[in-house]
Amino acid sequence: MNTVSVIGQGYVGLPLAIEIASSSFRCFGIDNSNLVVDKINSGELQNKDINGKKIRKLAKKGLYKCTSDRKFLRNSDVIIFCLPTPLTSNKSIDLSILIGEIKLVKSQIKSSALVIIESTVDTGFTRKLQKYLPENDLAFSPERIDPLNQKWDVKNTPKLVAGLTDKARDRAVEFYSKFIDTVIPCSSLEVAETAKLLENSFRLINISFINELAIFCNKIGIDVQEVIKAASTKPYGFMPFYPSVGIGGHCIPVDPVYLSHKAKEVGAPTSFKIGRAHV
């Protein structure tokens, strides 16, 4: 049986680990927080997408174990990083958690292991990791988790996959194909990295716009929901977005900053005006 370790057991890593364990793999969910580990193992979950009974059943079968002990990395055939990449207090990108963990565990990763990054990063970042993991096949596959979504989950959401080499990409495609319905190879790490930034930047811009339109509609006395419904009758060139409290989500407000940072770095600056904010 192949062994997989998923580092980070939050809203991305935990559903992924459980889906992996439900397939043909033994999976270790590794988290730095002993509180998180205890809550997962006891069934007292913060993640409402995952059934505590299912976790206990998988654990009883020896297919899933949540732990803070990184010794299990030594025998893992696949290692996936699902760690937060937030912004600093001054709104610049912060990859320190991810880089710090890679530095911490690199000596425990066997050379034959496939290493996959699912954390959101700026374009070109994954390629730079070969300096820490020169002997490993390295891949990137951006997470696509929408918490509490009753229609789309880990298994049926199409998965983008790219590799540092063709071999790494093919290994990652083969791995994900064992438990995800649709796996889509990308020609390069940079294509997959930028696709993730595009997905969430697209959502942020449109959610911000519809929130401002809702204010406009309220001012002139019409129902914004009726306006959206009317516009949605157009069979092409339109996608409905709905007003919400703020722009929401863990990475929707963050990803445009990653895109803007890289654009400035390569001399192609972009300007996103999000409501009253400016990226």
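For the structure itself, look to the data block above.
Computed from a prediction, not measured in an experiment: that's the story for all the values here. (Residues numbered from 1 in each chain as written. Predicted model: local features only at pLDDT ≥ 70, side-chain atom pairs only at ≥ 80, totals over all residues. Heavy atoms only, no water.)

### Side note on the pairing of strand E1 (residues 2-7)
With five of six residues buried, E1 is to be regarded as a mostly interior element. After leaving E1, the chain enters helix H1 (residues 13-21) and then returns to the sheet as strand E2 (residues 25-30), a path that is right-handed. In the sheet, E1 pairs with strand E4 (residues 78-81) via four bridges, with the strands oriented parallel. Bridge pairing in E4 links Ser-5 to Ile-79. (Buried < 20%, exposed > 50% of the residue type's maximum accessible area, 1.4 Å probe, protein only. Helix = DSSP H or I, 4+ residues; strand = E, 2+ residues; numbered from the N terminus. Right-handed = clockwise from strand over helix to strand, strands pointing away. Pairing = 2+ DSSP bridges.)

### A few points about the sheet that holds E4
The strands making up a sheet are joined through hydrogen bonds of the backbone, oriented either antiparallel or parallel. Here eight strands make up an open sheet; going across it, the order is E3-E2-E1-E4-E5-E6-E7-E8 and the pairing mixed. In this open sheet, the two strands that pair with only one neighbour each are strand E3 (64-67) and strand E8 (183-185). Put simply, the sheet's adjacent strands are angled 25° from each other on average, direction ignored. Note: strand E5 (residues 114-117) against strand E6 (residues 137-140), four bridges, orientation parallel. (Axes fitted to C-alpha atoms, helices over the stretch in contact; angles between N-to-C directions.)

### Concerning the nonpolar core
Counting 36 residues, the largest nonpolar core has Val-6, Ile-20, Tyr-64, Ile-80, Ile-116, Phe-175 and Tyr-176 as the members making the most contacts within it. Aside from chain neighbours lying at most four places away, what touches Ile-80 is Val-4, Ser-5, Val-6, Ile-7, Leu-16, Ile-20, Ile-116, Glu-118, Phe-175 and Tyr-176. Core analysis: the next-biggest nonpolar cluster, separate from the first, contains 33 residues, Leu-83, Val-115, Ile-117 and Leu-259 among them. (Core = buried A, V, L, I, M, F, W, Y, C linked by side-chain atoms within 4.5 Å. Contact = heavy atoms within 4.5 Å.)

### What to know about the pattern of salt bridges
Taken as a whole and judged by the stated rule, the model has twelve salt bridges. Across the salt bridge formed by Asp-137 and Lys-167, the nearest N and O atoms sit 3.6 Å from each other. Here Asp-137 is found in strand E6, whereas its partner Lys-167 is found in helix H6 (residues 166-177), with 30 residues between them in sequence. One network of salt bridges, with partners in common, ties together Asp-137, Lys-167 and Arg-171. (Salt bridge = Lys/Arg side-chain N within 4 Å of Asp/Glu carboxyl O.)

### Examining a positive patch on the surface
On the surface, Lys-103, Lys-106, Lys-128 and Lys-131 cluster together into a patch of positive charge. Positionally, Lys-106 belongs in the loop between helix H4 (96-105) and E5. (Patch = residues over 30% accessible without salt bridge, like charges linked within 9 Å, V, L, I, M, F, W, Y side chains within 5 Å. Areas by Shrake-Rupley, 256 points an atom, 1.4 Å probe, with all protein chains shown as cover. Lys, Arg positive; Asp, Glu negative; His and termini not counted. Charge placed at Lys NZ, Arg CZ, Asp CG, Glu CD.)

### Some details on the side chain of Thr-126
Tracing the chain through its elements places Thr-126 in helix H5 (residues 125-128). Beyond its immediate chain neighbours, meaning those up to four positions away, Thr-126 contacts Ile-117, Val-121, Leu-138, Ala-139, Phe-140, Leu-189 and Glu-193.

### A word on the environment of Ile-145
With respect to the helices, strands and loops of the structure, Ile-145 is situated in the loop between E6 and strand E7 (159-163). Sequence-wise, Ile-145 and Tyr-11 are 134 residues apart; in three dimensions their C-alpha atoms are separated by 7.7 Å. With residues near it in sequence (within four places) discarded, Ile-145 still touches Tyr-11, Val-12, Pro-15 and Val-154.

### Here's the deal with the packing of aromatic side chains
Counted according to the given criterion, the structure contains seven aromatic pairs. Centre to centre, the rings of Phe-175 and Tyr-176 are 5.1 Å apart; their planes meet at 55°, and the pair counts as tilted. When sorted by exposure, Phe-175 lands in the same class as Tyr-176, which is buried. When the centroid spacing of 5.2 Å and the interplanar angle of 70° are considered together, the rings of Phe-175 and Phe-179 count as edge-to-face. Its relative accessible area of 5% is what places Phe-175 among the buried residues. (Phe/Tyr/Trp six-rings, centres within 6.5 Å; stacked < 30°, edge-to-face > 60°.)

### Here's the deal with the packing of H1 against helix H3 (residues 52-60)
Between H1 and H3, the shortest axis-to-axis distance is 11 Å and the interhelical angle comes to 50°. In terms of orientation, H1 lies oblique with respect to H3. In terms of crossing hand, the pair formed by H1 and H3 is left-handed. Contacts between H1 and H3 pair Leu-14, Ile-18 and Ala-21 from the former with Lys-54, Ile-55 and Leu-58 from the latter. (Parallel < 35°, antiparallel > 145°, perpendicular 65-115°, else oblique. Left-handed = near helix turned anticlockwise from the far one by under 90°.)

### Side note on H6
Between its first and last C-alpha, H6 extends 16 Å over twelve residues, near the 16 Å set by a 1.5 Å rise per residue. Taken together, the buried positions of H6 are occupied by Ala-168, Arg-169, Ala-172, Val-173, Phe-175 and Tyr-176. Take H6 and look down its axis: the buried residues cluster within an arc of 165°, on one side only. Exposed positions of H6 whose direction lies more than 90 degrees from the buried face are Asp-166, Lys-167 and Glu-174. (Expected span 1.5 Å × (residues − 1). Arc of directions from axis to C-beta.)

### As for unusual backbone geometry
Although it is not a glycine, Leu-148 sits at a positive phi angle of roughly 70°. Position of Leu-148 relative to the elements: it lies in the loop between E6 and E7. A relative accessible area of 53% places Leu-148 in the exposed class.

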